[in-house]
Amino acid sequence: MRSLAITGIALVLAACSGDDTTTDTTAPVPTASDDGGSPPKADAGLRPLGPAQPSGGVLLEADGTLIPFGGVKLDTSSAPSWQGKDVARSLVVLSDGSGGWVLDGFGAIHAFGTAPKITSPIGGVDDVARALVVLSDEQSGYVLDRDGGLHPFGKAPAVMSSWTGKDQARGLDVHLANGAVDGGWILDGFGGVHAFGAATDLGVPPQYKDYDVWTKLHVVEGGAYVIGRWGLIQPLGKPAGIPLTGLPDTKDADIVRDIVPVSA
């Protein structure tokens, strides 16, 4: 599996998808069928990974600015930029720092560094897209829309969540069993973490009555990180191995749209 492997949990690229801790994460991923009904084959035709990154992360600002921290080295060549505008919504980083993808609010997926281009499953003229997950074949995954709809692309299997909330969906991560997606979690802006499929309960961050503060969810070994406006970071459970420290001070401006953990 082309992923950031940690004992008991596998991080798909650096989008941080939780694997089933009760299964053998070294088992082969099922081969994708022509009709796209099976998960993508994770070990075919992939670029070799570069040197492992130190633990840290990458912060995405509203205008597309990417800020690595904790010693992470990131190739930001061809990264999108919307100077002075609030367009960027979600970030996925290749585990060796050689590139990644930025999702904009209109649904477009922008590759940078050596990451391959991805065609988005949605698009529009308004601010509809909220979160992006890219699976280990670097061509499949999901876009979350603002109402909680999940839009698969590539050979990602269709998955359904029972939760919807009009313009309340903010963050997404997927649950894996032997490399196959069998559920996940949707984060709403008020702090609800809605598990679906085989995904287990993660708990919830602090909730502020009638205040839309939380924006992204990243599941790691032992728990998860919930990201909020102004660079807020709230651990759920006991997330291990990825200290999110050394970030720039963004408390004076509502410009943080994602903070992605990266681990060797």
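These remarks concern the structure in this document. (Residues numbered from 1 in each chain as written. Predicted model: local features only at pLDDT ≥ 70, side-chain atom pairs only at ≥ 80, totals over all residues. Heavy atoms only, no water.)

## Considering the packing of aromatic side chains
Part 1 of the argument: Considering all chains together, one arrives at 1 aromatic pair under this definition.
Part 2 of the argument: Judged by centre distance (6.3 Å) and plane angle (20°), the ring pair of Tyr211 and Trp230 falls under stacked. Within this pair, whereas Tyr211 is found in the loop between strand E14 (193-197) and strand E15 (214-220), its partner Trp230 is found in the loop between strand E16 (223-228) and strand E17 (233-237), the two being separated by 19 residues in sequence.
Part 3 of the argument: You can call Trp230 partly exposed: its relative accessible area is 22%. (Phe/Tyr/Trp six-rings, centres within 6.5 Å; stacked < 30°, edge-to-face > 60°. Helix = DSSP H or I, 4+ residues; strand = E, 2+ residues; numbered from the N terminus. Buried < 20%, exposed > 50% of the residue type's maximum accessible area, 1.4 Å probe, protein only.)

## Side note on the pairing of strand E18 (residues 256-262)
Part 1 of the argument: Of all the 7 residues making up E18, 7 are buried; the element is thus mostly covered by neighbouring parts of the structure.
Part 2 of the argument: Where strand E4 (residues 56-61) meets E18, 6 bridges bridge the pair, whose relative direction is antiparallel. Bridging from a neighbouring strand, Gly56 pairs with Val262 of E18. (Pairing = 2+ DSSP bridges.)

## Examining the environment of His218
Part 1 of the argument: As for its position among the elements, His218 is in strand E15.
Part 2 of the argument: Overall, the relative accessible area of 3% leaves His218 in the buried class.
Part 3 of the argument: Counting along the chain gives 42 residues from His218 to Val260, while the straight-line C-alpha distance between them is 7.2 Å.
Part 4 of the argument: At 3.3 Å, the side chain of His218 and the backbone oxygen of Ile259 are in polar contact. (Polar contact = N/O pair within 3.5 Å; in protein donor to acceptor, adjacent residues only side chain to side chain.)

## Details of the pairing of strand E9 (residues 129-134)
Part 1 of the argument: With 6 of 6 residues buried, E9 lies mostly within the body of the structure.
Part 2 of the argument: Note: E9 against strand E10 (residues 141-145), 5 bridges, orientation antiparallel. In the sheet register, Ala129 faces E10, and the bridge partner there is Asp145.
Part 3 of the argument: Between E9 and the antiparallel strand that follows it, E10, lie 6 residues; Glu138 among them carries a positive phi value of about 65°.

## Observations regarding unusual backbone geometry
Part 1 of the argument: Unusually for a residue other than glycine, Asn178 sits at a positive phi of about 55°.
Part 2 of the argument: Position of Asn178 among the secondary structure elements: in the loop between strand E12 (169-177) and strand E13 (180-188).
Part 3 of the argument: You will see that Asp210, though not glycine, has its phi angle at about 60°, which is positive.
Part 4 of the argument: Since its relative accessible area comes to 65%, Asp210 is described here as exposed.

## Focus: the pattern of salt bridges
Part 1 of the argument: Applying the stated criterion to the full structure yields 11 salt bridges.
Part 2 of the argument: Asp254 is the partner of Arg257 in a salt bridge, and the nearest nitrogen-oxygen pair spans 3.3 Å.
Part 3 of the argument: Overlapping salt bridges, with partners in common, bring together Asp86, Arg89, Asp127, Arg130, Asp167, Arg170, Asp212, Arg229, Asp254 and Arg257 in one network. (Salt bridge = Lys/Arg side-chain N within 4 Å of Asp/Glu carboxyl O.)

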